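Close look at the chain arrangement
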Amino acid sequence: MTLAVLAHRDGRAPDFLVHDSHLFDGVDERQLTRALELAAEVMDRERMQYLVTINEDELAKAESCGFDAGPYVIEPRLTDRYDEGRLFGFRFDRRT
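Note that the structure is predicted; figures quoted are calculated from it, not measured.

1. So, the side chain of His-19
Mapping His-19 onto the fold places it in strand β1 (residues 16–19). Among the polar contacts listed, one links the side chain of His-19 to the side chain of Tyr-50, at a separation of 2.6 Å. When neighbours within four sequence positions are excluded, His-19 is seen to be in contact with Tyr-50, Leu-51, Val-52 and Thr-53.

Spelled out as structure tokens, the structure:
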């Protein structure tokens, strides 16, 4: 995040940062919560956007520690639950 902010300030980087959920593997819920809070604070201050793909159960852990994800989660909210999981309205058949 530091490098992204510094490069953005210098006009050498886009105004967004993307992280995959693997960044948070092995991180306890307090650390995850603080990381998401810090990202929200820094991105707001720097007028940047933070995009993170995160599993619903991991996000629930952060929310249980006080992180309010409501203002940050955007639609479509994708899921792999078979009964409701669709990608842009298309259901993929599960083959066993």
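2. Concerning helix α2 (residues 29–46)
Look at α2: 25 Å from first C-alpha to last across 18 residues, which is about the 26 Å you get at 1.5 Å a residue. Buried residues belonging to α2 abut α1 (2–9), β2 (49–52) and α3 (56–64). In this structure Asp-28 caps α2, since a side-chain oxygen of it lies 3.0 Å from the backbone nitrogen of Arg-30. Downstream of α2 by a residue or two, Arg-47 has a phi angle that is positive, lying close to 60°.

3. Observations regarding a nonpolar patch on the surface
Taken together, the side chains of Phe-16, Val-18 and Leu-51 make up a nonpolar region of the molecular surface, amounting to roughly 250 Å² of accessible area. Among the secondary structure elements, Leu-51 is positioned in strand β2.

4. A short note on the pairing of β2
Judged from the four bridges that link them, β1 and β2 form a sheet pairing that is parallel. By the bridge assignment, Leu-17 is partnered in β2 with Tyr-50. Taking the sense of rotation as the criterion, the β-α-β connection linking β1, α2 and β2 turns out right-handed.

Conventions and cut-offs
- Residues numbered from 1 in each chain as written.
- Predicted model: local features only at pLDDT ≥ 70, side-chain atom pairs only at ≥ 80, totals over all residues.
- Heavy atoms only, no water.
- Helix = DSSP H or I, 4+ residues; strand = E, 2+ residues; numbered from the N terminus.
- Polar contact = N/O pair within 3.5 Å; in protein donor to acceptor, adjacent residues only side chain to side chain.
- Contact = heavy atoms within 4.5 Å.
- Expected span 1.5 Å × (residues − 1).
- Patch = residues over 30% accessible without salt bridge, like charges linked within 9 Å, V, L, I, M, F, W, Y side chains within 5 Å.
- Areas by Shrake-Rupley, 256 points an atom, 1.4 Å probe, with all protein chains shown as cover.
- Salt bridge = Lys/Arg side-chain N within 4 Å of Asp/Glu carboxyl O.
- Pairing = 2+ DSSP bridges.
- Right-handed = clockwise from strand over helix to strand, strands pointing away.

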